Amino acid sequence: MKKINPISKAKAPKTKPTKVKVEIIKPEILSIQNLSVTIQAKPVLPVLQNISFSMKEGEILALVGESGSGKSLTALSITKLLPVKHFEYTTGSIIFNGTNILHVDDEKLRGIRGKEIAYIFQDPFTSLNPLKKIKDQIIESYRIHISENEREAVDKAKYLLNKVGLTELDERLNSYPGQMSGGMLQRICIASALMCDPKLLIADEPTSALDVTIQSQLVDLLLKIKEENQMSILFISHDISLVASLANRIAVMYAGQIVEIGETDALIDRPTHPYTEALLRSIPSGVKSHQRLAVIDGIVPSPADYPVGCHFSSRCPEVMERCKIEKPPLYELIKNRCSACFLREKKK
Ligand SMILES: Nc1ncnc2c1ncn2[C@@H]1O[C@H](COP(=O)(O)OP(=O)(O)OP(=O)(O)O)[C@@H](O)[C@H]1O
Ligand SMILES: [Mg+2]
């Protein structure tokens, strides 16, 4: 057999070795491509249109946009939580960890929900059953997916409750939701979502029902947990200034479509879509504090009133005739940067 000679020292080049920047490419945990969802009304309403974005393992992606943009419907679609009676997935794919969620049967879906993909919702008071003790609610998913052993489940619950900053754990576990504050309950919801060590945590406005100090504590907590657990987080918020300190990338949503995606700093410093620019100008706390606050005139149209062309055309300060009749595709401007605006179309 032919031996492969190692390069001999004598033949090694004498030039200084150049430094090579090694980029560690993490695998994708979630990839949504061209997802469209309709509401089964008369007439049928195309509520989500050609949603495409992906997430890497360990990444925090923020999904931002005004109320009614379609953030929650997108989040619920990921585990097919939209009721089939009212919603239909008309096009696209949702690949989670190599599996197309839209093609799996109900039993496999139940195995994914709560175990591999967990949710935290906006209002902890409505997320928890007021009639059941915290203990029974927090250990439920562990007993379904991991082990029926109650002792083991309670131990894990205590470990996580301690991690999310709660004390007097036996007392907490034996309480009912109504006996606790909103901040405490949201910590319990976070611990509950982590019981099965999910690969993806979907947090839908998890802090917007809480006061500002509790909000920042919970954001810090999520960051710490994410580092320790190596999970990915889809963090949904209408507040772009809140996600600025949290997310690796931001996807901006408007009226059922993704209008811009980019790395957080780049997107905030150099927005490429008029809607992202308008959102940034209207932040009360001011990511860009030197600029005057501005309101975006009008409201997000409901699915029945989506404009024919670009959905933002009815409110866009830079609207052109073309925008009113044609939908702009999501142009890839550079790596990790996409924008759905005709102003970004590359001239041929
Ligand atoms: N069950 C439903 N039937 C009809 N329309 C619906 C239904 N659920 C949501 N919608 C509409 O779909 C659009 C997107 O709603 P969604 O709840 O996803 O918005 P959102 O971005 O999460 O808003 P918010 O910030 O207020 O939570 C809105 O126009 C909403 O009115
Ligand atoms: Mg919502």
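Provided above is the structure to which this section pertains.
Residues numbered from 1 in each chain as written. Chains lettered and ligands numbered in written order. Predicted model: local features only at pLDDT ≥ 70, side-chain atom pairs only at ≥ 80, totals over all residues. Heavy atoms only, no water.

Draft legend 1. Molecular detail of the site of ligand 1. Close to ligand 1 lie 13 residues; Ser67, Gly68, Lys71, Ser72 and Leu73 are nearest. Contact between ligand 1 and serine 67: an oxygen atom at 2.5 Å from a side-chain N or O atom of the residue. Interatomic distance of 3.1 Å between a backbone N/O atom of serine 69 and an oxygen atom of ligand 1. Burial of ligand 1 by the protein amounts to 63% of the accessible area it has alone, namely 630 Å². (Near = heavy atom within 4 Å. Polar contact = N/O pair within 3.5 Å; in protein donor to acceptor, adjacent residues only side chain to side chain. Areas by Shrake-Rupley, 256 points an atom, 1.4 Å probe, with all protein chains shown as cover.)

Draft legend 2. Molecular detail of the nonpolar core. If you look at the biggest cluster of nonpolar residues, it comprises 100 residues, and the most contacted ones within it are Leu30, Ile78 and Ile250. By residue number, the principal contributor to this core is helix α7 (residues 182–194), which donates 7 residues. Apart from the residues lying within four places of it in its own chain, the contact partners of leucine 30 are Phe53, Ser54, Met55, Ile78, Ile94, Ile95, Phe96 and Leu200. (Core = buried A, V, L, I, M, F, W, Y, C linked by side-chain atoms within 4.5 Å. Buried < 20%, exposed > 50% of the residue type's maximum accessible area, 1.4 Å probe, protein only. Helix = DSSP H or I, 4+ residues; strand = E, 2+ residues; numbered from the N terminus. Contact = heavy atoms within 4.5 Å.)

Draft legend 3. Just empty space enclosed by the protein, in detail. Using the criterion set out here, one finds 2 cavities of 30 Å³ or more in the structure. By volume, the largest cavity is sized at about 90 Å³. As for the largest cavity, its lining consists of 14 residues, of which Pro274, Cys310, Cys316, Cys323 and Cys341 are closest to the centre. Estimates place the volume of the second largest cavity at around 30 Å³. (1 Å grid on protein atoms, 1.4 Å probe; cavity = no way out; pocket = protein on both sides within 12 Å on 5 of 7 lines; lining within 4 Å. Points joined across faces, edges and corners; volume = space filled by probe spheres on them.)

Draft legend 4. Fine view of unusual backbone geometry. Backbone torsion omega between lysine 42 and proline 43 reads 0°, so that peptide bond is classified as cis. Within the secondary structure, proline 43 is located in the loop between β1 (28–39) and β2 (45–56). Positive phi, close to 45°, is recorded for glutamate 168, a residue that is not glycine. On the secondary structure map, glutamate 168 appears in the loop between α5 (150–163) and α6 (169–173).

Draft legend 5. Geometry of the environment of serine 127. Position of serine 127 among the secondary structure elements: in helix α3 (residues 124–127). Residues serine 127 and cysteine 189 lie 62 residues apart in sequence; the distance between their C-alpha atoms is 7.8 Å. Every residue in contact with serine 127, bar those within four places of it in the chain, is listed here: Phe121 and Cys189. A polar contact of 2.9 Å, which involves the side chain of serine 127, links it to the backbone oxygen of aspartate 123.

Draft legend 6. Up close: the packing of aromatic side chains. Under the defined criterion, the tally for this structure stands at 4 aromatic pairs. Geometrically, the ring pair formed by tyrosine 275 and phenylalanine 312 is edge-to-face, given 5.1 Å between the ring centres and 65° between the ring planes. Highlighted residues: tyrosine 275 in helix α11 (residues 274–281) and phenylalanine 312 in the loop between α11 and β11 (331–334), separated in sequence by 37 residues. This pair shows no difference in class: tyrosine 275 is buried, exactly as phenylalanine 312 is. Here the aromatic cluster, defined as three or more aromatic residues joined through ring pairs, consists of Tyr254, Tyr275 and Phe312. (Phe/Tyr/Trp six-rings, centres within 6.5 Å; stacked < 30°, edge-to-face > 60°.)

Draft legend 7. Just helix α8 (residues 212–229), in detail. With 18 residues, α8 ought to run about 26 Å at 1.5 Å a step, and its terminal C-alpha atoms sit 26 Å apart, in line with that. Among all positions in α8, only Gln215, Leu218, Val219, Leu221, Leu222, Ile225 and Lys226 are buried. An end-on view of α8 places all buried positions within 165° of arc, on one side of the element. Residue glutamine 230 follows α8 closely and has a positive phi angle near 55°. (Expected span 1.5 Å × (residues − 1). Arc of directions from axis to C-beta.)

Draft legend 8. Fine view of the packing of α7 against α8. In contact at an axis separation of 11 Å, α7 and α8 are set at 15° when each is read in the N-to-C sense. Judged by the angle between their axes, α7 and α8 are roughly parallel. In the crossing of α7 with α8, the sense of the turn from one axis to the other is right-handed. Contacts between α7 and α8 involve Gly183, Gln186, Arg187, Ile190 and Leu194 from the first element and Ile214, Gln217, Leu218, Leu221, Leu222, Ile225 and Asn229 from the second. Taken together, the residues of the contact of α7 with α8 break down into 7 nonpolar, 4 polar and 1 charged. (Axes fitted to C-alpha atoms, helices over the stretch in contact; angles between N-to-C directions. Parallel < 35°, antiparallel > 145°, perpendicular 65-115°, else oblique. Left-handed = near helix turned anticlockwise from the far one by under 90°. Nonpolar A, V, L, I, M, F, W, Y, C, P; charged D, E, K, R; others polar.)

The quantities given are spatial measurements derived from coordinates; they are silent on function.
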